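# A structural walkthrough
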Amino acid sequence: MSRPLPCPQDPPRHDWTLQEVESILELPFNDLLFAAQSLHRAHFDPNRIQVSTLLSIKTGACPEDCAYCGQSAHHSTAVAPERLLSLDEVLERARAAKAQGATRFCMGAAWRNPTDKQLDPVIAMIAGVKALGLETCMTLGMLTAEQARRLKAAGLDYYNHNLDTSPEFYGQVISTRTYQERLATLEHIRAAGLKTCSGGILGMGESRRDRAALLQQLATLPAHPESVPINLLVQIEGTPLFGTEPLDPFEFVRVVAAARILMPCSHIRLAAGRHLMSDELQALCFLAGANAIFYGERLLTAPNAPGDRDRRLFERLGLMTEPFVPERSEPMACQREQRAEHCVS
Ligand code: SAM
Ligand code: DTB
Ligand code: SF4
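In this report, we go over the structure that sits alongside the text. Keep in mind it's a predicted model, so treat the numbers as computed, not measured.

### Comments concerning the overall build of the chain
Scanning the chain from N- to C-terminus turns up 11 helices and 10 strands. For a compact globule of 345 residues, the expected C-alpha radius of gyration is about 20 Å, and the chain comes in at 19 Å, within 12% of that figure. With the C-alpha coordinates of the chain rotated into their principal frame, the extents come out at 60 × 40 × 40 Å. Restricting to contacts in the chain with at least 6 residues of sequence separation, those with at least 24 account for 77%. Put simply, the chain shows about 14,500 Å² of open surface, and 53% of that area lies on carbon and sulfur atoms.

Given below as structure tokens:
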């Protein structure tokens, strides 16, 4: 017998319990997807996705020991460290991303945290990329409150800082930065008025309970992140997580659907690992409420799904990319007013 479906929440809830999240993840697959797609339609145009392109502006030699990451100086991988890119190099890549249809340009640096001095050239990049008519996003590691305010004053739109996994599993993945430090950076981002991009990685050997706990952490933040990247672990040779048992693809879809239900106004982003997914699996993720991707031949250092494959997929699924609206009134304004009619409560 079919179970009751979650109802569109107006306003979205921030008090989800771990047990509630677990029971959403455990719904029969069809019920879960139906609930997620219904909520998705209540809040977004179901045939539009937001497209961001990534660029690593400072690659490798990172002092952090994240067990999944090819850029950590603690692991011996094929990633060759590089200096900070010049403004011209960044703008050239941003122009190319825009020409390929991206509306947001995300710049990442392999830092534990930027120093105040390191922020100076980065701030020039924000102005330059914005002047091209692109939204800007940065992911530079931990920030102080003052650094977040500087980035906001420079015109930065989004800051990406992931929780990565549950508080309980976290210690098995990273030892050089605490979960609490990640939450503090998210607080600084929010307080500065930047939009938040925060999510995690699946397939690191965590349990379903850990996946539920990650979602619960994200969905009980004082404001839901505007963008929630769900990464599938890209296994990098030389990292401690290389050789981890791959995740059941349906479990990945379940997490996407649960994220959509828990954070109905957020963009749920299929992030790393799309190149490992079939078109059919990605289509299931879009049905489950994913409505954003990273687009372009590379992520930061790892491969991404090729652009021509993505363009063909959009065409086959009738998906359109979300237009860039320079001055969105409210970051979390829902894109659709109507509510799903088939909810039971
Ligand atoms: N160094 C900064 C930091 O860690 O905050 C910014 C860049 S870091 C590469 C951004 C995020 O990418 C990580 O938090 C993690 O969630 C994701 N990531 C890194 N390597 C990955 C991998 N091999 N597979 C999947 N996701 C990965
Ligand atoms: C996020 O959650 N995923 C992106 C972005 N935010 C910065 C990065 C994925 C990195 C994958 C590994 C690499 O390219 O080195
Ligand atoms: Fe450094 Fe970020 Fe990689 Fe961790 S995920 S090792 S902080 S670049």
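### Digging into the environment of Pro-225
Position of Pro-225 among the secondary structure elements: in the loop between helix H8 (208–219) and strand E7 (227–232). Separated by 110 residues in the primary sequence, Pro-225 and Thr-115 have C-alpha atoms spaced 25 Å apart.

### Considerations on the site of ligand 1
Around ligand 1, the surrounding shell holds 17 residues, and the nearest of these are Tyr-68, Thr-139, Asn-162, Asp-164 and Val-234. One nitrogen or oxygen atom from the main chain of Trp-111 is found 3.5 Å from a nitrogen atom belonging to ligand 1. Side-chain polar atom of Asn-162 to an oxygen atom of ligand 1: 2.9 Å apart, as the coordinates give it. Its free accessible area being 560 Å², ligand 1 has 89% of it covered by the protein chains. In terms of residue class, the shell around ligand 1 is made up of 10 nonpolar, 5 polar and 2 charged.

### Side note on the pairing of E7
Where burial is concerned, most of E7 is hidden: 6 out of the 6 residues are buried. In E7, alternate side chains face the same way, and those of Ser-227, Pro-229 and Asn-231 on one face and Val-228, Ile-230 and Leu-232 on the other are all buried. With 3 bridges joining them, strand E6 (residues 200–202) and E7 adopt parallel strand pairing. Looking at E7, one finds that Ile-201 is bridged to Asn-231.

### A closer look at helix H3 (residues 87–99)
Here H3 contains 13 residues, and its C-alpha end-to-end distance of 18 Å stays within 8% of the 18 Å for a straight helix at 1.5 Å per residue. All of the buried residues in H3 are Val-90, Leu-91, Ala-94 and Ala-97. Down the axis of H3, the buried set is contained in an arc of 120 degrees. They therefore lie on one face. Every exposed residue of H3 that faces more than 90 degrees away from the buried side is listed here: Asp-88, Glu-92 and Ala-99.

Here is what the cut-offs are and how they apply
Residues numbered from 1 in each chain as written. Chains lettered and ligands numbered in written order. Predicted model: local features only at pLDDT ≥ 70, side-chain atom pairs only at ≥ 80, totals over all residues. Heavy atoms only, no water. Helix = DSSP H or I, 4+ residues; strand = E, 2+ residues; numbered from the N terminus. Rg over C-alpha atoms; globule rule 2.2 N^0.38 Å. Contact = heavy atoms within 4.5 Å. Areas by Shrake-Rupley, 256 points an atom, 1.4 Å probe, with all protein chains shown as cover. Near = heavy atom within 4 Å. Polar contact = N/O pair within 3.5 Å; in protein donor to acceptor, adjacent residues only side chain to side chain. Nonpolar A, V, L, I, M, F, W, Y, C, P; charged D, E, K, R; others polar. Buried < 20%, exposed > 50% of the residue type's maximum accessible area, 1.4 Å probe, protein only. Pairing = 2+ DSSP bridges. Expected span 1.5 Å × (residues − 1). Arc of directions from axis to C-beta.

Shape is all these values report; function is a separate question.
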